[in-house]
Each structure stands twice: as structure tokens, then as C-alpha cells.
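Structural description and commentary
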Amino acid sequence: MISSATRRIIALRGQRLLVRTSSLGSSLHSLPSAAASGVSSSHLPSYHDGAPSSQFVINQKCLSTVAAALDDDDEEYSDESDDDTVNSPPSFASMPSLHPSSLHAITQKLKLSTMTEIQHKTFDAASSGKDVLGRARTGTGKTLAFLLPAIENALRLGRVPGPLEQQQQQQGNEMGGIAILILSPTRELAMQIHNQAQILASSHANGGGSFDDNSCNDNNGRGRRNKGRSTRMVSQVMYGGSSRNIDIQKLNDNTPFILVATPGRLIDHIENSYVGGVPFSELIGNVTVTVLDEADRCLDMGFRNDMERILGVRKLFRKMAQEEGHWRGMQERQTLLFSATLPKDLRAIMASHMRKDYLTVDCVHDVDPTTHTNAKVDQSFVTLPDANQNRWISGLVDIIEDIIHIQNPDDYKVIVFFPTTNMCQLFSHIFTNEYKIPTLELHSKKSQSNRTVVSDKFRKWKKGILFTTDVSARGVDYPNVTQVIQYGSAENRETYIHRLGRTGRAGKKGRGIIIVGSKSEERQFVKN
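Overview of the structure. Predicted model only: the values in this text are computed from it and were never measured.

1. What about the pairing of strand 5 (residues 235–238)?
Residues of strand 5 alternate between two faces, with Ser235 and Val237 on one and Gln236 and Met238 on the opposite face, all of them buried. Note: strand 5 against strand 6 (residues 258–261), four bridges, orientation parallel. Looking at the pairing, valine 237 lines up with valine 260 of strand 6. For the segment spanning strand 5, helix 9 (residues 244–253) and strand 6, crossover handedness is right-handed.

Written out as C-alpha cells, the structure reads:
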């Protein structure tokens, strides 16, 4: 039950509130008034009809979209840049080397037609086996930018769906086992990557779906390779907090062609697990394509030693394959690394585990995406009165009600970030039970199964509200988010920008609002 102290805070919601905001290109706007003070929690005010009240005043200022000092010329990194050197990406159907099964998944299941810039610039080099360093803004299709060429290159080198011992059963240069390994820093991002990987893999049914002489007969012999095979291509995901035994059971039932994992769980299996009598480390050692997604965040989360260990296993098995003269599919290993920044530790990993002739694909046009926000996202901040702590709850209530009743009544999809799990829990309880505004709740204290259900539900919702912490700040794609609200200043500039990156994705417009609790916090926010 909600405490009596909290009830008293909510009941004082109606006191006059002067809110200062700063917005990009916004006009003067008023939010609805709260109810008169002294109302008990059992008679909390409902949202009123009619024009917004002047009791809730917003003064507009100007806030730059740039989080650091820059030139006045924004065109270099704007999504609507007029730079003629950047050509429009082609359609997926126009790519002659794209496997027909992958094309079917993209156009018929994912309903995509045109490649994004990062997908186009990465595909040819990565699908031919070249190591690639990719940099791109959030929401630009980065996941497909490494999944598609990874599958193409693995198939090109003779990897086939099925268990590792499949290599002894084949007459030609073919090999089963895990072909593609994707490392992700968080469970949520790992699940998101796995979902897209499974869609692609499902169109490669029966060992590739179209792997017969009629559907795919290219110069690499893919049309001949898998004829008559019945093993399905699948993806599997592993992360901490889930059952290790279930991981092993799935590996035994159907060896995945694509494995998505968090570093900690993967190390756990490397050190302790066997699959069909084969050490799990051997499965990882024989991976052909390794993808490091959000590599800088992996380092931020303390995974450097784990990353080095995992890549070291692969390096050891590659050396053994070369010394023993195994076929090229075991000797040729590829690394695709995607990272917003290139810290010193990451450059050291690249030097040890990537070829010197790796290709850099930079789609942020020499602008660090961790210090620059999306030009399609309008940003505002709201300053609560220093002396009125009672507005800490009702101020957010008024902002949310304005969004769902006036600004976007038909298609609102809002994410609210809180600095702590306890605060997220409190506000979720208040909104859902006291104000009867339904919200989803996602944070680290929720079980993994609950987090998965909530993420999937919000992803599918046409409209709704998600209360969360920084577990949702980076790498997670929720389609069509209209507003991102940050309650309190972010820990740093990078966190603020990644939170904001949940809206304005895939070329759409969005809006960001940050709520600060004092003028001093306002000054610090604007400064940073």
C-alpha cells in the first residue's frame, strides 16, 4: 500500500507551479492545472477537459541540440545533410550478392525495402570476409548491418547449420557448429539482436531454405552445398540470470548457426560446459564470424578481460587450424566491431584481434555520437520550484497527462527514465494505482522473464508508457517512441544522449524532456 506520507505529497498537487523549460523551436505552451490543494488521496483529481490552465506556465528558452561546443554549421552531421558525397542507399533487392532467403526475410517478414547508410556501406566488405569497424547513430539499422554480411560470409566459407561433428560427415569443405558469435553488453540488447537473427534464420529453413541448384546458384557454389540437408538454421541467445542447463539443452537439441551472448554468461560456459561431449570452448574456437556490438559499453561495464578471453580462444583455435592445414573455412576468421567511441582499451583489443587492413565505416561523419544528439529530436527541460518538493510527483503527472490527453492522445508512446530503481517503482505504483494511468515497469529488480515480457509488450504496443532505468538507455529498440522524459539529470552527457536516442529513430521525429529539481541543477545541465 502507498504510505500516508506519499498520500500527503500527492494531495498537495494543486499548488501553483512555475516551470521553466528550454525547447528547440517550440512556441509558448501551457500544461493543465492540477486540482486544488487539500484533496485526499482517495479523491485524487482526474484530468479535466478544456483549455490548459494558466496556473501551469512554461517559459521557453533556446537549447542547442549539440551537447558540446561546435561550429555553427550543423549540416555535416544532420540527418538531412545536403552533402552530395553521401549517396542514397540502394534497395535490398538491388544487391546481387544478397542471399535470396535473407532477402525474403527482409522484405516479407521485416517489411523493409531500402538499406540504411550503415547497412549499405558495411555490406560488400563484410560479406566478403573483411574485418570492419562500424560507427553509426542509434536507430540506423546497425543490427542488420552486421547480421546480413555475417550470414553471407559464413555461408560463403562453407559453414552449414548443424552440430560441429557435421564436418566429418561432409565430403566437401563444409563445417557445422556455431558459425557466428555476437557479443552484447546487456540482456535486453542480446534479446533484440537474437529476435532479428531468428527472423533471418527462419527464412534459411532446411539448411538455408533456398540452398538448391534452382534458387541460388552463384559462383561460390552455394546452390550445390546444402542440397538435401534438413537441419534448420537457428539463432540462440544466452545471458546471465537464465538457466545454464536450458542453454546446454538447446545447444544439444539444435546447434545454433548464430549465437548471441553476454560476455559473462559466455565465459561461464567456456569454463564449465560440454555439448555432446565436446567442450564448449571448442565450439567458440571454431566460430567463423565474431561480432562485438556496443564494444565501448562492454568495456564500460568491466568486460574487457572477458572479451580478451573469448577472442583469445578463437585466436588459439585459428592458429591450430593453420598449423594443421585445415581448410580455409577454419583458418579465415572475421571480426565485425561496432562502437560509438574508440577508447584506449578498445584500440588495444582491435590491435590484437583485428586484421591491420580492417575497413572503417563511419556514418556519423566525423562527429562523436556520444556528444551529439539527433537533430530530429526536439529537446526541452523543466525546472521544478526549489522550495516546493510537493511538485516532484505532480509535476511529472501534469506533463504525462498533457502528452496523453492533448499532445498525442492517439499515438503517444512515452519512455520515462528514473535515476534509481526505487524511484521507478514508486512512480509506477503512484501512476498505476493512484492516478489510474497504466504504466509498464522495467528495471534491474525485475526477473529476467518479466523484463523480457515487458520489453516485448512495449515494443508491440501502438501507444503506452514505460517507466524504466538505464537498463533501457542503450541499444534497445522500441519502435515509434514519441517522447522520452528523463526525471533528474543523467549521470553524464553520454547517458543523457543514449536515453534520448530511444526516440527519433529510423528517421522519425521525437521529443525529449528532462525534469530538474532546482535552478542550480538547471544551470549544471545547460552547462554540460
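2. Points about the pattern of salt bridges
Across all of its chains, the model carries 14 salt bridges by this definition. We note a salt bridge from aspartate 131 to arginine 355, for which the minimum N-O separation is 3.0 Å. Of this pair, aspartate 131 sits in the loop between helix 3 (117–127) and strand 3 (132–135) while arginine 355 sits in the loop between helix 15 (344–353) and strand 11 (359–362), and the two are 224 residues apart along the sequence. Taking relative accessible area as the criterion, arginine 355 reaches 27% and is therefore assigned partly exposed.

3. Side note on unusual backbone geometry
Positive phi, normally seen in glycine, also occurs at lysine 111, with a value near 60°. Along the chain, the position of lysine 111 falls in the loop between helix 2 (100–109) and helix 3. In this structure lysine 111 comes out as exposed when scored by relative accessible area, which is 62%. Residue asparagine 480 is not a glycine yet carries a positive backbone phi of 65°. Mapped onto the fold, asparagine 480 is located in the loop between strand 15 (464–468) and strand 16 (483–487). Owing to a relative accessible area of 44%, asparagine 480 belongs among the partly exposed residues under this scheme.

4. Focus: the packing of aromatic side chains
Throughout the structure, instances matching the rule amount to eight aromatic pairs. Ring centres of phenylalanine 418 and phenylalanine 467 lie 5.2 Å apart, and the angle between their planes is 70°; on these two criteria the pair is classed as edge-to-face. Of the two residues, phenylalanine 418 sits in the loop between strand 13 (413–417) and helix 17 (421–434) while phenylalanine 467 sits in strand 15, which places them 49 residues apart along the sequence. Under the relative-accessibility criterion, phenylalanine 418 is labelled buried at 1%. According to the relative accessible area criterion, phenylalanine 467 is buried, its value standing at 0%. The aromatic ring of phenylalanine 458 is capped on one face by lysine 413, whose charged end is 5.1 Å from the ring centroid.

Rules of the game
Residues numbered from 1 in each chain as written. Predicted model: local features only at pLDDT ≥ 70, side-chain atom pairs only at ≥ 80, totals over all residues. Heavy atoms only, no water. Buried < 20%, exposed > 50% of the residue type's maximum accessible area, 1.4 Å probe, protein only. Helix = DSSP H or I, 4+ residues; strand = E, 2+ residues; numbered from the N terminus. Pairing = 2+ DSSP bridges. Right-handed = clockwise from strand over helix to strand, strands pointing away. Salt bridge = Lys/Arg side-chain N within 4 Å of Asp/Glu carboxyl O. Phe/Tyr/Trp six-rings, centres within 6.5 Å; stacked < 30°, edge-to-face > 60°. Lys NZ or Arg CZ within 6 Å of the ring centre and 35° of its normal.

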